[in-house]
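The residues making up each chain are set out below.
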Amino acid sequence: MSSFKSILLFLLGVVLLSSQLLAQMPAEKDVPETGPQFQTSPLPESNKRSPKYFYTYIERQHTFEEDLKNQAFMYGLAWLVYPLSQPKIIRNNGGFKQYKKNFGKIVFDNDEPFWNWFVHPISGSQLYLYYRADGYSRIDAFQMSFITSALFEFTVEVLTEPASVQDLYQTPVLGSILGVGIENLSLYLLNTGNPLSMTLGHMINPATLLPNFQGKLLLVPLTNFESSSSLGGYLSAQVEF
Amino acid sequence: MKKILSITLFFFLALTNEVKAFEEKAFISAGFGFSYASIRTKYIEQRENGELEDETKTFALGVSTRFAYRKTTREYGIASDVGFGRMKDVTVKNSETTFVQGNGHYRVITINPYVKQNLPFTIGTHWSPYFGGGPAWSLQTLTISELTRGNSTIDNKKRISFQNIGASLAIGLEEVLEYKEMHPTYIELGYSFMANDQVSIIDASDANEAKLISSRKAKEFYGSFFFVRVGMVLF
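Residues numbered from 1 in each chain as written. Chains lettered and ligands numbered in written order. Predicted model: local features only at pLDDT ≥ 70, side-chain atom pairs only at ≥ 80, totals over all residues. Heavy atoms only, no water.

Visitor: I keep staring at the overall build of chain B and nothing clicks. Help me out?
Guide: Helices and strands together make up the secondary structure of chain B, namely 1 helix and 11 strands. Seen in sequence order, chain B has helices and strands lined up from the N terminus as α-β-β-β-β-β-β-β-β-β-β-β. Taking all 235 residues of chain B together, 50% fall into the buried category. Sequence separation of at least 24 residues holds for 69% of the intrachain contacts in chain B that already meet a minimum separation of 6. As displayed, chain B offers around 11,500 Å² of accessible surface, 62% of which is attributable to carbon and sulfur atoms. (Helix = DSSP H or I, 4+ residues; strand = E, 2+ residues; numbered from the N terminus. Buried < 20%, exposed > 50% of the residue type's maximum accessible area, 1.4 Å probe, protein only. Contact = heavy atoms within 4.5 Å. Areas by Shrake-Rupley, 256 points an atom, 1.4 Å probe, with all protein chains shown as cover.)

Visitor: Would you mind going over the pairing of strand β11 (residues 221–233) of chain B with me for this structure?
Guide: The two faces of a sheet get side chains in turn, since along a regular strand they alternate between them. Residue and element names in this part refer to chain B. Burial analysis of β11 places 10 of its 13 residues in the buried class, which makes it a mostly covered element. Bridge count between strand β9 (residues 185–203) and β11: 11 bridges; the pairing is antiparallel. Each bridged residue has a counterpart across the sheet, and for Met 194 the counterpart in β11 is Gly 223. (Pairing = 2+ DSSP bridges.)

Visitor: What exactly am I supposed to notice about the interface of chain A and chain B here?
Guide: Frequently, the measure chosen for interface size is the accessible area removed from exposure when the parts meet. Facing 33 residues of chain A, the contacting portion of chain B comprises 41 residues. When the buried area of chain A at its contact with chain B is split by residue, Phe 108, Asn 110 and Tyr 169 of chain A rank highest and sum to 22% of it. Between Arg 159 of chain B and Glu 112 of chain A there is a salt bridge whose closest N-O contact spans 3.2 Å. In this structure, the connection of chain A to chain B is made through 5 residue pairs in polar contact (both at pLDDT 80 or more). Looking at the side of chain A that touches chain B, the elements that each hand over two or more residues are α1 (2–24), α5 (113–133), α6 (138–155) and α7 (165–190) of chain A. If you tally residues by element for the side of chain A that touches chain B, the top one is α1 of chain A, at 10 residues. In terms of residue class, the side of chain A that touches chain B is built from 21 nonpolar, 8 polar and 4 charged. (Buried area = accessible area lost by both parts, 1.4 Å probe. Salt bridge = Lys/Arg side-chain N within 4 Å of Asp/Glu carboxyl O. Polar contact = N/O pair within 3.5 Å; in protein donor to acceptor, adjacent residues only side chain to side chain. Nonpolar A, V, L, I, M, F, W, Y, C, P; charged D, E, K, R; others polar.)

Visitor: What am I meant to see in unusual backbone geometry here?
Guide: Leave glycine aside and you will find that most residues have negative phi; peptide bonds, for their part, are mostly trans. Residue and element names in this part refer to chain B. Phi is positive for Glu 24, which is not a glycine, with a value near 50°. Structurally, Glu 24 can be placed in the loop between α1 (2–15) and β1 (25–41). In this structure, His 183 is a non-glycine residue whose phi angle is positive, near 55°. Relative to the elements of secondary structure, His 183 occurs in the loop between β8 (158–175) and β9.

Visitor: Please clarify how the packing of aromatic side chains should be interpreted in this entry.
Guide: Geometry of an aromatic ring pair is reported as the spacing of the ring centres plus the angle between the planes. The final tally for this structure, using the stated rule, is 17 aromatic pairs over all chains. Each ring, one from Tyr 55 of chain A and one from Phe 213 of chain A, has its centre 6.3 Å from the other, and the planes form 15°; the classification is stacked. Taken together, the positions of Tyr 55 of chain A in strand β1 (residues 53–55) and Phe 213 of chain A in the loop between α8 (195–204) and β4 (216–221) put the pair 158 residues apart, joining distant regions of the chain. The same class applies to Tyr 55 of chain A as to Phe 213 of chain A, namely buried. Between Phe 142 of chain A and Phe 146 of chain A, the aromatic rings sit 6.0 Å apart at their centres with planes inclined by 55°, giving tilted as the arrangement. Linking Phe 142 of chain A with Phe 146 of chain A, this pair stays in helix α6, spanning 4 residues, or about one helical turn. Relative accessible area serves as the criterion here: at 0%, Phe 142 of chain A is assigned to the buried category. Pairwise contacts between aromatic rings join Phe 73, Tyr 130, Tyr 131 and Tyr 136 of chain A into one cluster. Lying across the ring of Phe 22 of chain B, Arg 70 of chain B places its NZ or CZ 5.1 Å from the centre. (Phe/Tyr/Trp six-rings, centres within 6.5 Å; stacked < 30°, edge-to-face > 60°. Lys NZ or Arg CZ within 6 Å of the ring centre and 35° of its normal.)

Visitor: Mind showing me how you'd approach the environment of Asp 109 of chain A here?
Guide: Locating Asp 109 of chain A in the fold gives a position in the loop between β2 (106–107) and α5. A C-alpha to C-alpha distance of 19 Å links Asp 109 of chain A and Asn 92 of chain A, two positions 17 residues apart in sequence. Once residues lying within four places of it in the same chain are set aside, the contact partners of Asp 109 of chain A are Asn 116, Ser 164, Gln 166 and Asp 167 of chain A together with Leu 139 of chain B. Among the polar contacts listed, one links the side chain of Asp 109 of chain A to the side chain of Ser 164 of chain A, at a separation of 2.7 Å.

Visitor: Explanation requested: the pairing of β9 of chain B in the structure shown.
Guide: Residues and elements named next belong to chain B. Where β8 meets β9, 17 bridges bridge the pair, whose relative direction is antiparallel. By the bridge assignment, Gln 163 is partnered in β9 with Gln 198. Relative to strand β10 (residues 211–217), β9 is paired through 6 bridges, and the arrangement is antiparallel. Counterpart to Gln 198 in the pairing with β10 is Lys 217.

Visitor: Before we go on, may I ask you to explain α8 of chain A in this structure?
Guide: Since there are 3.6 residues in each turn of an α-helix, residues three or four apart along the chain are aligned in direction. Residue and element names in this part refer to chain A. Residues Ser 197, Gly 201 and His 202 constitute the buried set of α8. The buried residues of α8 all sit within an arc of 135° when viewed along its axis, so they share a single face. Among the exposed residues of α8, those pointing more than 90 degrees away from its buried face are Pro 195, Leu 196 and Met 203. Against β1 and α7 lie the buried residues of α8. The residue sitting at the N-terminus of α8 and contributing the capping side-chain oxygen is Asn 194; that oxygen lies 2.8 Å from the backbone nitrogen of Leu 196. (Arc of directions from axis to C-beta.)

Visitor: Help me understand the pattern of salt bridges in this model?
Guide: All chains considered together, the criterion is met by 15 salt bridges over all chains. A single network of salt bridges, built from pairs that share partners, joins Arg 66, Arg 70, Glu 75, Asp 81, Lys 116, Glu 174, Glu 188 and Arg 229 of chain B.

Everything listed here is a matter of coordinates, which is why it stays silent on function.
Structural data, given as structure tokens:
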């Protein structure tokens, strides 16, 4: 019991202190020029790889029609992939009778943690990354994932089992949280210019390979040919369609 | 009396600071959750110092997430906690006549739709107190790993799950920041009361497909849960 209290007090202290410290931290522009300065030693430009593309996420507004098209595409994909991924269970326990029995029901499932806390969040993260690749903001990508996941739970997965409370919540929520982590890691890997890192970046975030990914920018060096010292120092980005 | 009121008012005003939080935005937050459960049943007993008890206590640690929409000072959302812990000397009625006693692992998932209201002042520069609550559903799953009494039909491949329904209340402190991208943090203390709705025994020997061995409606089980949630707005 005493250790329980100690942990609570420690965490309370950490949260209060860290948020206070972060709130009081001056913005970069407010740092005084006098006083001790930290020196960094960046690599000379010539020692860095020069990637051809720069990967990022470009957000845009979507029309209702675009939302519907995206939902329809993912829903169709779910009908294609789910029966193929569960042939044994569908053959033994699935079918139209089971569909009719499960349709409209919502239960707490008793699946193993491997499914609920690993497989579902992973699939949710890829759903989130698909929508992010198409230019949805983080919260919009989450909301689109939520709809896709709910449609899947209520109308596709009922082939084998009733819709589950855990899956309805955890697939989009844990999936989006995991998706943010994957998004940041994959951008870091993709922007290194290293072929191995880039392959890994695409592997953990395959949506960056899709034609609708809007954040792949072609880097074009620009110069005005007047000040030779700036040659190679200016980079501009242009979207490659 | 007037003096006390004046001093209280002075401190209240000194602590009060009007800071506007982000409004009319949906967001996701995540953090850690800790829960301390005191579970009482008519048929779970605990042997301690040779005395029979009808209560078992457990402590679970896990992840807490929420998806919410903040209107102005009011927030509507769904919170969920996933926790893992251990239960000691828990006794479960296996059938009408047999009991199983042992030590086991415990995991819990809670889904809690809620409404939250911020109080109209802040403490310090930007900490806003709030209160909230709503209905709650939970699924507690117990795996008896060390059987100390009873028949061996319950082994570590079997899961005993308790589906509960109840309500929860919480009070907390959160940062009021103008943009959610500034990742406001929060700390929350709460209490849930849960009553059992259904008890099931699951065969989990096949990891791909959990098989339901038996399930029945049960009203013998109820528990009090105290929880702490610490987290921040992610996006």
